[in-house]
Each structure stands twice: as C-alpha cells, then as structure tokens.
Amino acid sequence: MVKTEHPTAERGHARANREAPQPGTSLPPIQPVLRSLNPDIAPGRNGQNPVHLPTTTPTEQSPQGPAIHAELAAEQHVLSTEDFKLHYGKHRALHGITMQIPAGKVTALIGPSGCGKSTLLRSFNRLNDLIENVRVEGRIRFQGQDIHDRKVDVIRLRKKMGMVFQKSNPFPMSILENVVYALRIGGERRRRVLDEVCEKSLRSAALWDEVKDRLHTSALGMSGGQQQRLCIARAIAAEPEVLLMDEPCSALDPIATGKVEELIYALRGKYTVVIVTHNMQQAARVSDYTAFMYMGRLVEYGPTNSIFVNPHLKETESYVTGRFG
Amino acid sequence: MQIASVYIRGKSHLMFGLCILFTAVILGLLGMVSGYLISLGYKSVDLALFTQLPVPAGAAGFPGGLQNGIVGSIIMIAMASLIGIPIGMLAGIYLAEYSSRSWLAGPVRFIADVQTGVPSIVVGILGYELLVVPLGSYNGWAGAAALAFIMIPLVARTTEEMLLLVPRGYREASVALGATKARTILRVVVPAAFGSVITGIMLAIARVAGETAPLLFTALGSRFLESNPSRPFPSLTVQIYHAAMEPYKEESRKAWAGILVLLALIFVLNVTVRLTMRASGYGARAAR
C-alpha cells in the first residue's frame, strides 16, 4: 500500500526549502508574480490563516505562500490540509498544499491541466491509495482527525465522502441497485429501506421522475447526463458529509450540465462540496469559494466572487480571464 | 485529385474484397468439416446410440450404442468443471486484481501459459503417475483431474484478461463508496466481466470435451455404464477412438456418429448457457 510519512514540522519544511527552485534558474512563469505577494495577505490572522510561513534564512526563502483571502478564516472547516505533498514515484505532484475547506459550502478547485486539482481531490478520500508508488507527506485532517493515521479506518472515511467522477461510471446493474450500492455493502437488506433511500436519493439528484418507471432496468441504458446524476444519487445515498466531484460535467452536454449544476447548487448547506472543474463559468456559477492551483501549488484561495472579479494576484487574474492556461 | 480519389477508392474496395474473401474461406472450411461430419454421421445417429451399450463384434446386436460413453463424458466433464472452473477463476482474479505487487504473479502467469501449451498426452501421463499408480487402478477421478488440469490455465488466463478489461472507473466508484477490495471484485468487477468470462469457460469446456489422450492413461474407458468414479470410467472420446480403430464398417460408422454427438453436445451446452445468461440479464451486460 501507500507509504505514508509523517515528518515533523521541521523536517517537512527543511525538505520543502531544499527542493524549492532557486530564483533565477528554471522558475515557472508564475513565480515572479508570487514573489510580490499582495500586502492584504497577512499571515497569522486569528491564528487561523494557513499561510505557509517561510521559516528559514533569507537565502533559502521561497516565496511560495498562497494568497488566502481573509473571509476563509471566518468559516468553519471540515477538511484541511497542512503542507500536504504527494509524489507519484519520483515525480512530485503536490508541493505542500495548505488549505481549509469550509463546511457546508461549495469549494471549486480550478487550474490548468496537470496542476494537481484532481490529485488533491482524490487525496481527501485516500483514493490515491489504489495507485502504486504514491507517497504522501504532511497532513490532511477531516473533522480534526488525521486521515493517514493508522487508527483511521479508510473504509469508514470513504463512506463519509461521496465521490463523483469525470466519466460517469454507473455499475452494470439496475438503476435501483446502483443507488443502494453503499447500503448493500453496509449489509442493508430490508426492501422497504432500500426503496425509500433509492427514491429519496433519486429525488435529490432530480432524477426520480425520469426513471421511476424503470428502476429495475440496467443503468447503462440511460443517457450520459442521467448516468452522471445517477452517480450523484449513488454518492448521496451513502449519506456522506463531503461530496467530492472531479469534473462532473466535462462529458455532458449543456442541458445536462445545467441540471447537474442546479443540483450542486441545491446541495449546498446540506453537504460540503469540493468540485474540480475546468470550466471557469461553472466555478463562478456553483461555488462559494474558489481555489486556484498551478503546478502543484495553491496560488490563490478565496470567495468565488473575489477570485473572479477582484483577484489579489495577477496570475489568478490572467487565468480566470483566459489569458493563460 | 480525381485520379488520386479513384486510386484510394480502388484500394478501399480491394481491402474490403480481401476481407470478404478470407472470411468466406474460414467459414467455408468450417462448413466443409461440419458438412463432412454430418454427411457421414447422420445416418448412424439413432436412438440405439443413446440407449445401448457397445456390443463386441460377433455378438448379437453388434455394434450397439455409445450410451455409457455419452453419460461418462458428461459426468467426467462436469467433475472436471467443478474442480477446474473455481480454481481457474480464483487464480485469474488473483492475477488480475491482487498480483500487481507480488513476486508470485510473473511465475504463475508463465506457468499457466506453458501449461496451456503442454501436449495433452503429457497431462495423461502426469495423471497416471499421480492418481492411477497410487490408487492402484485406472479411475474416473484421475480422468476428471487430468481434464481439470487442462482447464485451469485456460480459465485463469481468460478470467484475468477479461477482468483487466473492466474499466478502472468501476473499481474507483465502488471503493469510493466505502467498499472493500474483495467486495468490489465480487459485486462489481466480476459481474461486469461475467459474460466474457463465461465465453472463456465455454471454450475451455469445449476443449476438454474433445480430449482423448489424457483419458487413455487415466480413466482408461469402460464398456459398461459406470457411476463409480473409482473404477475405470467410460468416455465418448475414448470410445470413438476405439471404434475408429476397429476393422468393421459398423464400428467406424458408430465412430462418425459419436463425433457428431460430441459436437452436438458442446453446441447445445453453449446455446443453453447463453440463453440462460441472456434471460438473467447477463447477456445485455456482456453486449456492452
């Protein structure tokens, strides 16, 4: 399985600094901008602000602190990462992400392909455990509990986090069996309970009226948009606390996308939603908070409106206005 | 441009024609073989073939039927399947789902591939040494075990290949819903691949149904209707073999009829399994 390291804070930072790119060498284009961080981003506000503090001598200092907007400090957090790093073999995909996901809100992760959004999302429910040669450092906390702790039952963790994937992936079973899959593996056999949960979940996913007459037919006979909403219903049926969505609309037509977006909008408050998306308009439409990631780092994170209308960093502005990425 | 377009179209027509031609060649060969079999065998297929035991030359009722062989083959293939399919499928599941970090996978896969290529007579000798000599007599168990030995690598490798074709999205979705790996495999992965795994199993059964050599050294064959696998056990293929060796015309006609019956049995088994699967919903899944 995945090797998990828990370095002490000192060790983690020392490594981060050692491996940080030196100024003037092969810096990615975003770095110069980051160096002149916006003065608004003061570290340590209320002791809550998770700005990554440079801890070492000026020569080693790497100005990688993300721009975290102050509004986030006022939120209650359900999920948080602390200097979280992830390696695929020798390749490091996440370079120390420190962020907090507010409870009951929709948080969008945006950024160009390969920036680590999906990797981060899949770290929250430890789905990366399935991939070989993945190594993680730093911490992810869910409701205060370190999810990589030995005592944590990963099965229970995943039951608390529903996930919806880029490509809709209903199982080759009936629609009903798809929705109640999580209950089935939990050992639920009572017909009445299964039927109830099925109806409730399909209603939440705005799918009930379309499929109520064919619950016992194969889910593979549904249209793409219906399949994706079925996957959402399946995730909701497990009554998770967090809903992780990995580009849930990228394979859907505009009408189906609209339906799924309405659904996500309706789910706020009830669930904490983290959604990865390539579609900037979608992030703007459905999310309360938006995090912009670039090359495995968190660049800017704040209320969606600020990120799109009044971003603190030039790099964020360039990305959200479509000038790069 | 005009010339180029005609040239390209010509090439396309030529390729299409070649595909049709070679498909026709393959189908023609198949048709010839089965047509030849049917033309030689159909006249000798009668009720007596299924209801009578073989009768030696010179005795009244010569040449008799193949009842003991048909029943014996069915019993022995059923026993071989009961041993071979579970072991083969579990080995295939291991190879596809669990072996990625294990040193064992490479050797297992290699041995399975070599085992598929072992001449069946060698399997017969192995069965003779391991199950006939220690038990002191030719017996049906040894025959079933030899057939199972041939089935296992076939079933294991097809199961592995078919499970690997199941999209990763299924596994991820199931695991993300809090299923354990074993449950994911049992409830999602194997059912998704079930249709094609069944096809592989059918091919393996058809393959062993036609085996003669391993049975000559293990089950030996018997002229009686046998129900005790601890004794020498009759089988259709061995009886066909013996009948074909006889100098009498009646015996060789019985051999042709036996081959036809064997083919028909495999065909009926295939169709039955497929229809059952379709009725239970697996056919639709396999089609996707």
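Cut-offs and rules
- Sequence positions are assigned chain by chain, starting from 1 and proceeding in written order.
- Both sets of labels track the order of writing: A upward for chains, 1 upward for ligands.
- The predicted origin of the model limits local features to residues at a pLDDT of at least 70 and limits the giving and counting of side-chain atom pairs to 80 or more, whereas totals for whole chains, interfaces and linings rest on all residues.
- Side-chain numbers here rest on the full set of heavy atoms in the structure, without hydrogens or water.
- Strands here mean DSSP runs of E at least two residues long; helices mean DSSP runs of H or I at least four residues long; both are numbered from the N terminus.
- Residue contacts are counted whenever heavy atoms from the two residues lie within 4.5 Å of one another.
- Two parts lose some accessible area (1.4 Å probe) when they are put together, and adding that loss for both gives the buried area.
- Salt bridge, as used here: a side-chain nitrogen of Lys or Arg that lies within 4 Å of a carboxyl oxygen of Asp or Glu.
- Residues adjacent in sequence count toward polar contacts only when both atoms are side-chain atoms; beyond that, a polar contact is any pair of N or O atoms within 3.5 Å, and within protein one must be able to donate a hydrogen and the other to accept it.
- Gly counts as polar in this scheme, as do all residues outside two lists: the nonpolar Ala, Val, Leu, Ile, Met, Phe, Trp, Tyr, Cys and Pro, and the charged Asp, Glu, Lys and Arg.
- Angles run from 0 to 180 degrees between N-to-C directions of axes, and those axes are lines fitted to C-alpha atoms, restricted for helices to the stretch in contact.
- Oblique is the label for every angle not falling under 35 degrees (roughly parallel), over 145 degrees (roughly antiparallel), or within 65 to 115 degrees (roughly perpendicular).
- Helix crossings get a hand from a simple test, with the near helix turned counterclockwise from the far one by less than a right angle marking a left-handed crossing and a clockwise turn marking a right-handed one.
- To count toward a patch, a residue needs a relative accessible area over 30% and no salt bridge; like charges are then connected within 9 Å, while nonpolar side chains (Val, Leu, Ile, Met, Phe, Trp, Tyr) are connected within 5 Å.
- Here the accessible surface of atoms and residues is derived via Shrake-Rupley with a 1.4 Å probe, and residues count as covered only by protein chains that are part of the display.
- When charges are counted, Lys and Arg contribute as positive and Asp and Glu as negative, whereas His and the chain ends are disregarded.
- By convention, the point assigned to a charge is CZ for Arg, NZ for Lys, CD for Glu and CG for Asp.
- Burial status follows relative accessibility: with a 1.4 Å probe on protein chains alone, a residue under 20% of its type maximum counts as buried, one over 50% as exposed, and anything between as partly exposed.
- Two strands pair if DSSP finds at least two bridges between them.
- Per-residue confidence from the predictor is reported as pLDDT, a score between 0 and 100.
- Each Phe, Tyr or Trp ring (for Trp, its six-membered ring) is paired with any other whose centre lies within 6.5 Å, and the angle between the two planes then decides the class: stacked below 30 degrees, edge-to-face above 60, tilted in between.
- Among the buried residues, those of types Ala, Val, Leu, Ile, Met, Phe, Trp, Tyr and Cys that are joined through side-chain atoms within 4.5 Å form a nonpolar core.

## A few points about the overall build of chain A
Here's step 1: Counting secondary structure elements, chain A contains 13 helices and twelve strands.
Here's step 2: Counting only contacts in chain A whose residues sit at least 6 apart along the sequence, the fraction spanning at least 24 positions is 70%.

## Overview of the interface of chain B and chain A
Here's step 1: Contact residues are listed per partner, giving 21 residues for chain B and 26 residues for chain A.
Here's step 2: Together chain B and chain A conceal approximately 2200 Å² of surface at their shared face, both sides included; 62% is due to carbon and sulfur atoms.
Here's step 3: Counting across the interface, chain B meets chain A through one salt bridge.
Here's step 4: Among the ionic pairs, Arg122 of chain A bridges to Glu172 of chain B, the shortest N-O distance being 2.9 Å.
Here's step 5: Taken together, the connections running from chain B to chain A amount to three residue pairs in polar contact (both at pLDDT 80 or more).
Here's step 6: Looking at the side of chain B that touches chain A, the elements with two or more residues in it are α7 (168–176) and α8 (181–209) of chain B.
Here's step 7: If one sorts the elements of the side of chain B that touches chain A by residue count, α7 of chain B sits on top with eight residues.
Here's step 8: Its residues assigned to classes, the side of chain B that touches chain A comprises eight nonpolar, six polar and seven charged.

## A closer look at the packing of α7 of chain B against α8 of chain B
In a packed pair of helices, the relevant descriptors are the angle between the two axes and the axis-to-axis distance.
Residue and element names in this part refer to chain B.
Here's step 1: In contact at an axis separation of 10 Å, α7 and α8 are set at 155° when each is read in the N-to-C sense. The pairing of α7 with α8 is recorded here as roughly antiparallel in orientation. The interaxial crossing formed by α7 with α8 has right-handed handedness. Packed against α7, whose contacting residues are Tyr170, Arg171, Ser174 and Val175, the element α8 presents Thr184, Val188, Val189 and Ala192 at the interface.
Here's step 2: Of the residues belonging to the contact of α7 with α8, the class tally is five nonpolar, two polar and one charged.

## Focus: a positive patch on the surface
Here's step 1: Taken together, Arg156, Lys159 and Lys160 of chain A together with Arg183 of chain B make up a surface patch of like positive charges.
Here's step 2: On the basis of relative accessibility, which here comes to 59%, the residue Arg156 of chain A falls in the exposed class.

## Some words on the sheet that holds strand β2 (residues 67–68) of chain A
All names here are of chain A.
Here's step 1: Read across the sheet, seven strands follow the order β2-β12-β11-β5-β10-β9-β8 without closing on themselves; strand pairing throughout is mixed. A strand with exactly one partner marks an edge of an open sheet, and here the two such strands are β2 and β8 (161–164).
Here's step 2: Pairing of strand β11 (residues 289–294) with strand β12 (residues 297–303), which is carried by six bridges, proceeds in the antiparallel orientation. In the sheet register, Tyr289 faces β12, and the bridge partner there is Pro303.
Here's step 3: Along the sheet, helix α9 (residues 224–237) contacts β8 and β9 (242–246); its crossing angle with β8, the most-contacted strand, is approximately 170°.

## Section: a nonpolar patch on the surface
Here's step 1: Together, Leu14, Met15, Leu18, Leu21, Phe22, Val25, Leu29 and Met32 of chain B give the surface a local cluster of nonpolar side chains, amounting to about 800 Å² of exposed area.
Here's step 2: If you trace the backbone, Leu29 of chain B turns up in helix α1 (residues 2–41).

## Remarks on the confidence of the model for chain A
Here's step 1: Summarising the model, chain A shows a mean pLDDT of 81, and 80% of its residues fall at 70 or more.
Here's step 2: In the model, residues 1–62 of chain A has pLDDT below 50 throughout and makes 96 contacts with residues more than four positions away in sequence or in other chains.

## Concerning the pattern of salt bridges
Residue and element names in this part refer to chain A.
Here's step 1: On inspection of all chains with the given rule, the structure shows 28 salt bridges over all chains.
Here's step 2: For Glu210, the salt bridge is made with Lys259, and the minimal N-O distance between the two is 3.9 Å. In this pair, Glu210 is assigned in helix α8 (residues 208–211) and Lys259 in helix α10 (residues 254–267), connecting sequence segments 49 residues apart.

## Observations concerning the environment of Glu75 of chain A
Residues and elements named next belong to chain A.
Here's step 1: On the secondary structure map, Glu75 appears in the loop between β2 and β3 (77–88).
Here's step 2: Taking the C-alpha atoms as reference points, Glu75 and Ile101, 26 residues apart in sequence, are found 8.7 Å from one another.
Here's step 3: Ignoring any residue separated from it by four or fewer positions in sequence, one finds Glu75 in contact with Pro102, Lys105 and Tyr289.
Here's step 4: Reaching out from Glu75, the side chain makes a polar contact with the side chain of Tyr289 at a distance of 2.6 Å.

## Observations regarding helix α10 (residues 236–245) of chain B
Here's step 1: For α10 of chain B, every residue scored as buried is listed here: Leu236, Thr237, Val238, Gln239, Ile240 and Ala243 of chain B.
Here's step 2: Considering only its buried residues, α10 of chain B is in contact with α3 (67–98), α8, α9 (213–216) and α11 (249–279) of chain B.

## Describing the packing of aromatic side chains
Here's step 1: As enumerated under the stated definition, the model contains six aromatic pairs over all chains in all.
Here's step 2: Between the aromatic rings of Phe171 of chain A and Tyr181 of chain A, the centroid separation amounts to 4.6 Å while the plane-to-plane angle is 50°, which identifies the pairing as tilted. Remark: Tyr181 of chain A occurs in helix α6 (residues 181–185) and Phe171 of chain A occurs in the loop between β8 and α5 (175–179); sequence separation between them is ten residues. An identical accessibility class is assigned to Phe171 of chain A and Tyr181 of chain A; each is buried.
Here's step 3: Consider the rings of Tyr128 of chain B and Tyr138 of chain B, whose centres lie 6.0 Å apart with planes at 40°: the pair is tilted. Taken together, the residues Tyr128 of chain B in helix α5 (residues 120–132) and Tyr138 of chain B in the loop between α5 and α6 (140–164) connect sequence positions ten residues apart.

## What to know about the nonpolar core
Here's step 1: The biggest cluster of nonpolar side chains holds 97 residues, and the ones touching the most others in it are Leu79, Met99, Leu120, Phe124 and Tyr301 of chain A.
Here's step 2: Broken down by element, the residue count for this core peaks at 14 residues, all from α8 of chain B.

## Thoughts on unusual backbone geometry
Residues and elements named next belong to chain A.
Here's step 1: Notably, Gln143 is not glycine yet its phi reads approximately 50°, a positive angle.
Here's step 2: Take Gln143: it is sitting in the loop between β6 (134–142) and β7 (145–146).
Here's step 3: Positive phi values are uncommon outside glycine, yet Met295 reaches one of about 50°.
Here's step 4: Within the element layout of this structure, Met295 appears in the loop between β11 and β12.

## A closer look at the side chain of Thr107 of chain A
Here's step 1: Checked against the element boundaries, Thr107 of chain A lands in strand β5 (residues 106–110).
Here's step 2: Setting aside its immediate chain neighbours within four residues, Thr107 of chain A contacts Ile101, Pro102, Val273, Val274, Ile275, Ser287, Tyr289 and Tyr301 of chain A.

## Examining the confidence of the model for chain B
Residues and elements named next belong to chain B.
Here's step 1: Confidence in the prediction for chain B averages 90 pLDDT; 96% of positions are at 70 or higher.
Here's step 2: Helix α12 (residues 282–287) is the least confidently modelled element of chain B, averaging 45 in pLDDT, while α6 averages 95, the highest of any element.
Here's step 3: Here residues 283–288 scores under 50 on pLDDT; set against residues more than four positions off or in separate chains, the count is seven contacts.

## Things to note about the environment of Tyr319 of chain A
Residues and elements named next belong to chain A.
Here's step 1: With respect to the secondary-structure elements, Tyr319 resides in helix α13 (residues 314–320).
Here's step 2: A relative accessible area of 4% places Tyr319 in the buried class.
Here's step 3: Each C-alpha atom, one on Tyr319 and one on Phe292, is 8.7 Å from the other, the two residues being 27 residues apart in sequence.

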